[in-house]
Structures are given as C-alpha cells and as structure tokens.
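Breakdown of the fold
Residue strings, one per chain:
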Amino acid sequence: MTRDGRVGEVFRAFLRLGVSSFGGPVAHLGYFRDDLVVRRRWMDDRAYADLVALCQFLPGPASSQVGFAMGLQRAGILGALAAFLAFTLPSAMLLVLFAGGAALVGGPIGDGVLSGLKIIAVAIVAHAVWGMARTLTPDARRAGIAVVGLALALLLPAAPGQLGALAVGIVGGLLLLRGVPEAEGPRLPSFGVPRAVAIACLAAYAALLIALPLAATTTGAGTAQLVDAFYRAGALVFGGGHVVLPLLQAGVVETGWVSSGDFLTGYGAAQAVPGPLFTFAAYLGSISNVGPGGVAGAALALAAIFAPGFLVLVGVLPCWDAVRERLRVRAAMRGANAAVVGILAAALYTPVFTTAVTGPGPFLLAAVGFVLLTAFRAPAWAVVIVGAAGGVILAFL
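Here's what I pulled together on the structure shown here. In this numbering scheme, every chain counts its residues from 1 along its sequence in written order. Predicted model: local features are reported for residues with pLDDT of at least 70 only, side-chain atom pairs are reported and counted for 80 or more only, and whole-chain, interface and lining totals are derived from all residues. Excluding hydrogens and water, the side-chain figures rest on all heavy atoms present in the structure.

1. Some details on the overall build of the protein chain
Put simply, the rule reads: The helix and strand labels rest on DSSP assignments: H or I over at least four residues marks a helix, E over at least two residues marks a strand, and numbering proceeds from the N terminus. Radius of gyration: C-alpha atoms only; globule rule: 2.2 Å multiplied by the number of residues to the exponent 0.38. Using a 1.4 Å probe on the protein chains alone, a residue whose accessible area is under 20% of its type maximum counts as buried, one over 50% counts as exposed, and one in between counts as partly exposed. In what follows, residue pairs with any heavy atoms lying within 4.5 Å of each other are defined as contacts. Using a 1.4 Å probe, the Shrake-Rupley method yields the accessible areas, and only the shown protein chains count as cover for residues.
Regarding its fold elements, the protein chain presents 16 helices and zero strands. Compactness check: the protein chain gives a C-alpha radius of gyration of 21 Å against a globular reference of 21 Å for 397 residues, within 12% of the reference. Counting only C-alpha atoms and orienting by the principal axes, one finds that the protein chain spans roughly 60 × 60 × 45 Å. Within the span of the protein chain, comprising 397 residues, buried residues form 52% of the whole. The long-range share in the protein chain, meaning contacts at least 24 apart out of those at least 6 apart in sequence, stands at 77%. Looking at the protein chain as shown, the accessible area adds up to about 16,600 Å², and 69% of this sits on carbon and sulfur atoms.

2. Focus on the environment of Ile 199
Among the secondary structure elements, Ile 199 is positioned in helix α8 (residues 195-219). Residue Ile 199 is classed as exposed on the basis of its relative accessible area of 54%. The spatial distance from the C-alpha of Ile 199 to the C-alpha of Ala 378 is 43 Å, given a sequence separation of 179 residues.

3. A look at the packing of helix α1 (residues 7-20) against helix α2 (residues 25-39)
What counts here: For helices, the axis comes from a line fit to the C-alpha atoms of the stretch in contact; other axes are also lines fit to C-alpha atoms, and the angle between any two N-to-C directions lies between 0 and 180 degrees. Roughly parallel covers angles under 35 degrees, roughly antiparallel covers those over 145, roughly perpendicular covers 65 to 115, and oblique covers all other angles. Left-handed describes a crossing whose near helix is turned anticlockwise from the far helix by less than a right angle; the clockwise case is right-handed. Amino acid classes used here: Ala, Val, Leu, Ile, Met, Phe, Trp, Tyr, Cys and Pro are nonpolar; Asp, Glu, Lys and Arg are charged; the rest, including Gly, are polar.
It is at 10 Å that the axes of α1 and α2 come closest, and there the two elements cross at 155°. Between α1 and α2, the angle is such that the two are roughly antiparallel. Here α1 and α2 pass one another in a crossing that is right-handed. Mapping the contact onto sequence places Ala 13, Phe 14, Arg 16, Leu 17 and Ser 20 in α1 and Tyr 31, Phe 32, Asp 35, Leu 36 and Arg 39 in α2. In terms of residue class, the contact of α1 with α2 is built from six nonpolar, one polar and three charged.

4. Considerations on the pattern of salt bridges
This is how it is decided: Take a side-chain nitrogen of Lys or Arg and a carboxyl oxygen of Asp or Glu: if they are within 4 Å of each other, that pair is a salt bridge.
Throughout the structure, instances matching the rule amount to seven salt bridges. Between Asp 35 and Arg 39 there is a salt bridge; the shortest N-O distance is 2.8 Å. Note that Asp 35 and Arg 39 are positioned in helix α2 at a spacing of four residues, about one turn of the helix. The class of Asp 35 is buried, set by a relative accessible area of 6%. Overall, the relative accessible area of 42% leaves Arg 39 in the partly exposed class.

5. Re a nonpolar patch on the surface
Stated formally: The patch calculation keeps residues exceeding 30% relative accessible area without a salt bridge and links them within 9 Å when they carry like charges or within 5 Å when they are nonpolar (Val, Leu, Ile, Met, Phe, Trp, Tyr).
On the surface, a nonpolar cluster with roughly 510 Å² of combined accessible area is contributed by Phe 11, Leu 15, Val 19, Leu 85, Leu 89 and Met 93. Every element with two or more residues in the nonpolar patch is listed here: α1 and α4 (62-99). Judged by its relative accessible area of 54%, Met 93 is exposed.

6. Quick word on the packing of aromatic side chains
What counts is decided by this rule: Only centres within 6.5 Å qualify two rings of Phe, Tyr or Trp (six-membered ring in Trp) as a pair; their planes then separate them into stacked at under 30 degrees, edge-to-face at over 60, and tilted for everything else.
Applying the stated criterion across every chain yields a total of twelve aromatic pairs. Between Phe 68 and Phe 310, the aromatic rings sit 4.2 Å apart at their centres with planes inclined by 10°, giving stacked as the arrangement. Note that Phe 68 is positioned in helix α4 and Phe 310 in helix α13 (residues 294-323), a separation of 242 residues in sequence. The same class applies to Phe 68 as to Phe 310, namely buried. Look at Phe 278 and Phe 306: their rings are 5.7 Å apart centre to centre, the planes differ by 55°, and that puts the pair in the tilted class. One end of the pair, Phe 278, is in the loop between α11 (260-272) and α12 (280-287); the other, Phe 306, is in helix α13, and 28 residues separate them in sequence. As far as burial versus exposure is concerned, Phe 278 and Phe 306 are alike and both buried. Taken together, Phe 68, Phe 84, Phe 278, Phe 306 and Phe 310 form an aromatic cluster joined through their ring pairs.

7. Some words on α1
Along an α-helix, residues three or four apart share an orientation, since each turn contains 3.6 residues. What counts, and what does not: Multiply 1.5 Å by the residue count of a helix minus one, and that product is the helix's expected span.
Taking 1.5 Å as the rise per residue, α1 with 14 residues should run 20 Å; its terminal C-alpha atoms sit 20 Å apart, in good agreement. Along α1, the residues that are buried comprise Val 7, Glu 9, Val 10, Ala 13, Phe 14, Leu 17, Gly 18 and Ser 20. Against α2, α4 and α16 (380-396) lie the buried residues of α1.

8. Section: the nonpolar core
Worth spelling out the cut-off: Grouping buried Ala, Val, Leu, Ile, Met, Phe, Trp, Tyr and Cys residues that are joined through side-chain atoms within 4.5 Å yields what is termed a nonpolar core.
In terms of nonpolar packing, the biggest core is built from 122 residues, with Phe 14, Tyr 48 and Phe 230 touching the most fellow members. When residues in this core are grouped by element, the largest group, 15 residues, is from α4. Non-local contacts of Phe 230, meaning those with residues more than four positions away in its chain, are made with Leu 248, Val 252, Ala 281, Leu 284, Gly 285, Ala 301, Ala 304 and Ile 305. Among the nonpolar cores identified, the runner-up in size contains five residues, and Ile 145, Leu 177, Val 180 and Ala 338 belong to it.

9. Quick word on the side chain of Asp 45
You can see Asp 45 is positioned in helix α3 (residues 45-57). Asp 45 gets classed as buried once you look at its relative accessible area, which sits at 11%. Ignoring any residue separated from it by four or fewer positions in sequence, one finds Asp 45 in contact with Arg 33, Val 37, Gly 131, Met 132, Thr 135 and Leu 136.

10. Re the packing of α2 against α3
For the pair α2 and α3, the least separation of the axes is 11 Å and the interaxial angle reads 150°. By the angle class used here, α2 and α3 are roughly antiparallel. Along this stretch, α2 crosses α3, giving a crossing that reads as right-handed. Contacts from Leu 29, Phe 32, Arg 33 and Val 37 in α2 reach Asp 45, Tyr 48, Val 52 and Gln 56 in α3. Among the residues making up the contact of α2 with α3, the classes are represented as five nonpolar, one polar and two charged.

11. As for helix α15 (residues 360-374)
To be explicit about the condition: Directions drawn from the helix axis to the C-beta atoms are what define this arc.
Under the 1.5 Å per step criterion, the end-to-end length of α15 is 21 Å for 15 residues, consistent within 8% with the ideal 21 Å. Of the residues making up α15, those classed as buried are Pro 362, Leu 365, Ala 366, Gly 369 and Leu 373. All buried residues of α15 fall inside an arc of 100° around its axis, so they share one side. Those residues of α15 that are exposed and aimed more than 90 degrees away from the buried face are Pro 360 and Leu 364.

Here is the structure:
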C-alpha cells in the first residue's frame, strides 16, 4: 500500500478514537498506544515514548500533537490533517451544537454514562502505564528515574511538574544510562519533513505571534482579535489540556467577549465529550460577541488554537530525525522515556483516579476494564462500551 493510500486508514482510526477517547489528554495517550501502537503497530513503544516526550516539551496540545505526528509518519501531510480532523471534529461539533442550545442527555442514564466513561479512563491509563513501564523501565536505574518523575509531577503544578520531570529524566539518562545497552528494536520511523518546510513552519509560528496582535490592534477588526486571542492561547501553553483554561479565560472572559457563566457552562460540556479539551475553543468562538460567531467563529477559534502547536511540531521534527540517533541523545531519551512513565503514573492518580473512583463500585468497574484490556486483550472501544453500561448500572444502584 502506498503512503498516500493510507490516508483513509488514518482517518478511520482517528475518527474511532475521536468518538471514544474520554478522560483528557493523558487518557488519550493511553487510547493511542492501545490502538495505534499495540494493535495496529504503526510504531513501537520506544518511538511512541520519544514522540510523547518531545510533544511534552513543545507548546500546544500534547495529545493532539502526538496524533498529528503519527498521522504524518503514517501517510504524510494528508495523513496528519486526516488525524487532526477525525480526532477533533466530533467533540468540536458536539460543543457547537451545545452552544446553539442542543441539550445533552441528562438524568440518571446520561449522568451514569458520563460517570462510567470517566471510570473506564482509569483502566485505559493504567493499562498504558503498565505496558510502557515494562518496556521503558526494565532496570533499577530507569525505574528510579520514573519514581523521581512521578514525585515531581505529583508535587509541582501541572506544566512545571511535567517539564521538571522530563528535565530530570534527560539529566539522569546522560549521567546513568550512557553505558547501559539498549534492547534491540525497530529503527525509529522518520517523519519525512524537508528542512525548508520545517524552517518555514517555525518562521510562520513566530511571525503570526507578532503579526496577529499588531493586526488586531491596528485594524480593530473583531475577527482579527478573535484569531489573535486563540492563537496566543495555543502558542503559550505547554502540555495542553486544562493548562490552557487560564489563558482562554483571560482572552474571552476578562475582555467581556463571553460571560463567566457561559464560560463555566461550556467547560462543563467540554468535560463531557470525547476528544481534546482544546475543542472548548469551538464553543467559545461560536458564542463570542467578537468575531463572526456561530459556525464560522467556531472554525476560526479552533484553527487558531491548534495552529501554533502543529507549526512548531513540524518545525522541530527534522532536527529530531537528525539528532535522536546519536548515543548521548539516545541515552537522554531513555531517561526522558522513563520520566514519561512517571508523568503518566502521576496523572493516573490525579486527576484520573481521584476524580473518577469515588467508592467500591467505581473501583470495581475500573478493575474490570483493566482486566479486559490486559488479560482478555479487548480493544479500547469495547471497554468504553462496558464502562458506559457499567456507569448506568451504578447510577441505579
């Protein structure tokens, strides 16, 4: 099959993930690993962990960047766009409908489904942590790095904790792992980004960061102001997910574009849909009193908030291809990969476990999901269905 012929395959795979990946960015990484690494074998665990570590360092939505890069590696730029659209549009469309007044399913059944999906995200993330730990922390040194990463991710706020854990992992890898033999595995896949394209993307990232505020100020146009606010939010946040909320609040609430009540209502709806939390931008763009509003405002806000993360990712990938095979870089990345295990383990505890497992029933449902994934090798989408049904049962007990 040709590279171009895989675009449809990428779209179908990410569309299924886009309608079933509940639980936030860390849970998304678990869904990606289960479906694309373990089941489809698009890349191996080491390459996947390298990619996750890279995206944690870059501004933008980390899980969406990982999906974009996997689509790029699988089927070129059209595959990257297919991965982004398929993973993002389901939640964005649901939030725009919600903004237009379409009510989400309520009552005990609806609440039970949402509760069950949050609970089953515990099993998905636990399965990812377990599988990656077996591959990426096979000795005492890397297990120790993972524990230090876990401690930093738990004890420090989200972005500083994650970046600090990765920094410790890199230093630990350079100091402790340069003489440690690496297990044989497939060569890391190349992303095939020409250097000229990478430079153009980095230039565009920086130019837009400067030009958009100037355009918004000089023209006073609502559309320019809207695009500027969401582009800056996407360009200045590390780790994605909930970390972007203060920037969005400053951009749309403090400016008077969206009321505080509508902002919180939309945030609650964003928690209830699958896919990336950055699609909250579609809701805000559609109800903002600045810009075109409606579907057009949603589309502009969505494109603006995702664009900087994708531009900087494509911009650094050729350097990534060139340097990651060097011995010192490989040692550093082995340490960073061990730290990623710690970061995922910290996220497994909070917010995934602490917000979803509130008693014996939810704990039992999470355990059932974990056993289905590990012992029965059930696909993630089937476990999601079990979780939703289990949540409804728990709601009536």
